[in-house]
Amino acid sequence: MTKFTVRTVAEDWTLQERIEAMYRKLWPRPILEGHPAGLYATPAWETIYQRWPQLQFALLDTEGRLVGAGNTAALPWEQDVAELPEEGFDWAMTAACQAHDLKTPATALCACGIMVDPAFRGQGISTVALESMRMLARAAGYPSLIAPVRPTAKWRYPLIPMAAYLAWQTADGLPFDPWLRTHVRAGGRIVKSCSCSATLSGTVAEWVEWGGMPLPGSGQHLLPGLFAPVQIDLEEDRGLYMEPAVWVVHPVGRDTR
Ligand SMILES: CC(C)(COP(=O)(O)OP(=O)(O)OC[C@H]1O[C@@H](n2cnc3c(N)ncnc32)[C@H](O)[C@@H]1OP(=O)(O)O)[C@@H](O)C(=O)NCCC(=O)NCCS
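All values derive from a computational prediction rather than experimental measurement. (Residues numbered from 1 in each chain as written. Predicted model: local features only at pLDDT ≥ 70, side-chain atom pairs only at ≥ 80, totals over all residues.)

Chemist: What am I meant to see in the overall build of the protein chain here?
Modeler: Along the protein chain, the regular secondary structure elements total 8 helices and 10 strands. Taking 2.2 N^0.38 as the reference for a compact globule, 257 residues should give roughly 18 Å; the C-alpha atoms of the protein chain span a radius of gyration of 18 Å, in line with that estimate. Expressed as lengths along the three principal axes of its C-alpha atoms, the size of the protein chain is roughly 60 × 45 × 40 Å. Of all 257 residues assigned to the protein chain, the portion counted as buried reaches 42%. Considering only contacts within the protein chain whose residues lie at least 6 apart along the sequence, 74% involve residues at least 24 apart. (Helix = DSSP H or I, 4+ residues; strand = E, 2+ residues; numbered from the N terminus. Rg over C-alpha atoms; globule rule 2.2 N^0.38 Å. Buried ≥ 20, exposed ≤ 12 C-beta atoms within 10 Å, placed from the backbone. Contact = placed C-beta atoms within 7 Å.)

Chemist: So what exactly am I meant to see when it comes to the pairing of strand S5 (residues 108-116) here?
Modeler: For a regular strand, the rule is simple: side chains alternate between the two faces of the sheet. Among the 9 residues in S5, 9 count as buried, and that is most of the element. Direction of pairing for strand S4 (residues 66-75) relative to S5: antiparallel, over a ladder of 8 bridges. Paired with Ala73 across the two strands is Cys110, which belongs to S5. Crossover S5 to strand S6 (residues 144-149) through helix H5 (residues 125-140) is right-handed. (Pairing = 2+ DSSP bridges. Right-handed = clockwise from strand over helix to strand, strands pointing away.)

Chemist: Just checking my understanding: could you explain the site of the ligand for this structure?
Modeler: Near the ligand there are 18 residues, and of these Met115, Arg121, Gly122, Ser126 and Pro178 occur at the shortest range. Those elements giving two or more residues to the shell around the ligand turn out to be S5, H5 and helix H7 (178-185). When the residues that make up the shell around the ligand are grouped by side-chain class, the tally is 7 nonpolar, 8 polar and 3 charged. (Near = placed C-beta within 6 Å. Nonpolar A, V, L, I, M, F, W, Y, C, P; charged D, E, K, R; others polar.)

Chemist: What is the right way to read the nonpolar core from this model?
Modeler: Nonpolar side chains in soluble globular proteins generally cluster together in the buried interior. If you look at the biggest cluster of nonpolar residues, it comprises 73 residues, and the most contacted ones within it are Ala73, Ala74, Leu75, Ala92, Ala96, Leu109 and Cys110. Ignoring any residue separated from it by four or fewer positions in sequence, one finds Leu75 in contact with Ala92, Ala95, Ala96, Ala99, Ala106, Ala108 and Cys110. (Core = buried A, V, L, I, M, F, W, Y, C linked by C-beta atoms within 7 Å.)

Chemist: Help me understand unusual backbone geometry in this model?
Modeler: Trans is the prevailing form of peptide bonds, just as negative phi is the prevailing case for residues other than glycine. The phi dihedral of Gln79 falls on the positive side, at around 65°, and the residue is not glycine. With a phi angle near 50°, Asp237 is a residue other than glycine that sits in the positive phi range. Following the sequence through the fold, Asp237 ends up in the loop between strand S9 (230-233) and strand S10 (238-251).

Chemist: Would you take a moment to explain the pairing of strand S7 (residues 189-202) for this structure?
Modeler: When strand S2 (residues 35-36) meets S7, the two strands line up antiparallel, connected through 2 bridges. Looking at S7, one finds that Pro36 is bridged to Leu200. Alignment of S7 against S10, held across 10 bridges, turns out to be antiparallel. The partner of Thr199 across the bridge, within S10, is Met242.

Chemist: Please clarify how helix H4 (residues 88-102) should be interpreted in this entry.
Modeler: The α-helix advances 3.6 residues per turn, and as a result positions three or four apart in sequence lie on the same side. The end-to-end C-alpha distance of H4, which contains 15 residues, comes to 21 Å, matching closely the 21 Å that a straight helix rising 1.5 Å per residue would cover. Listed as buried for H4 are Gly88, Phe89, Asp90, Trp91, Ala92, Met93, Thr94, Ala95, Ala96 and Cys97. Lys103 lies just past H4 and shows a positive phi near 60°. (Expected span 1.5 Å × (residues − 1).)

Chemist: I would appreciate a short explanation of the environment of Val67 in the present structure.
Modeler: For Val67, the location among the structural elements is in strand S4. By C-beta crowding, Val67 is classed as buried, having 23 other C-beta atoms within 10 Å. A sequence separation of 51 residues divides Val67 from Pro118, and the C-alpha atoms of the two residues are 8.8 Å apart. Discounting residues that sit within four places of it in the chain, Val67 has contacts with Thr2, Phe4, Leu59, Leu60, Asp61, Val116, Asp117, Phe120 and Ile125.

Chemist: What should I look at first to understand the environment of Leu39 in this one?
Modeler: Along the chain, Leu39 falls in the loop between S2 and helix H3 (47-51). By C-beta crowding, Leu39 is classed as partly exposed, having 14 other C-beta atoms within 10 Å. Note: C-alpha distance between Leu39 and Ala198 (159 residues apart in sequence) is 9.8 Å. Among residues more than four places away in sequence, those in contact with Leu39 are Glu87 and Asp90.

As structure tokens, then:
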């Protein structure tokens, strides 16, 4: 496996822009540029670097190249998996930012994003990123790491409801989705799907640009890289996308230092 070190944004502020440049390269545009339109007025993503620079990290190889990155936020959570909401990411981000600003103590860490440069994939580097998140949670005394996971192969099956997709398994009983498999192998427990982890809207022109294809009529459209159809309404000049995800909970273990 490629040798690398973990470095937080608190240790090197220049990492924020490098991590964000990788997001722009790897993430679907609506996820990065869509306007929050769900139950929560989800705070702007970039604010997590200001609120928790010590919880955002880069994986750097021996030549200082960015191999991957991980983003987390700390939030109050009562350790009740039944209470994990349908609004996965939107809820977690909002709850974490509110708690931070009101100085409410956090009790869990939420994984908000993990990515590995395509040139370095398939080496288990994302498992190291997950372990780094567990270490951050352990060091802060949080018993759990929770994650509204975006299953990486879901975009191939945008018409299948996430709950049904979640039930698909390989012959050896692991999740069909490769990224969910990695979570399970790393000790994560799949809890349930969440139907609207991120609810995002945009004008029709924005959706045309993000999707890179014309949208000449109202109705449900399948855009590249998305996990579910986008509802386009020409009269309202609006497109709405509700991204489903999967709640996974990782045990953190005790800090034995
Ligand atoms: C999800 C992601 C971080 C996984 O990174 P990774 O370091 O490649 O993870 P792993 O090495 O554990 O591989 C995970 C699985 O994908 C497969 N895989 C990963 N890269 C692959 C590649 N280039 N070719 C074939 N299979 C690949 C692995 O074989 C493994 O499946 P397995 O169970 O059959 O072994 C990476 O794919 C990524 O950055 N994706 C884009 C961002 C994203 O969607 N992140 C997740 C949402 S937060």
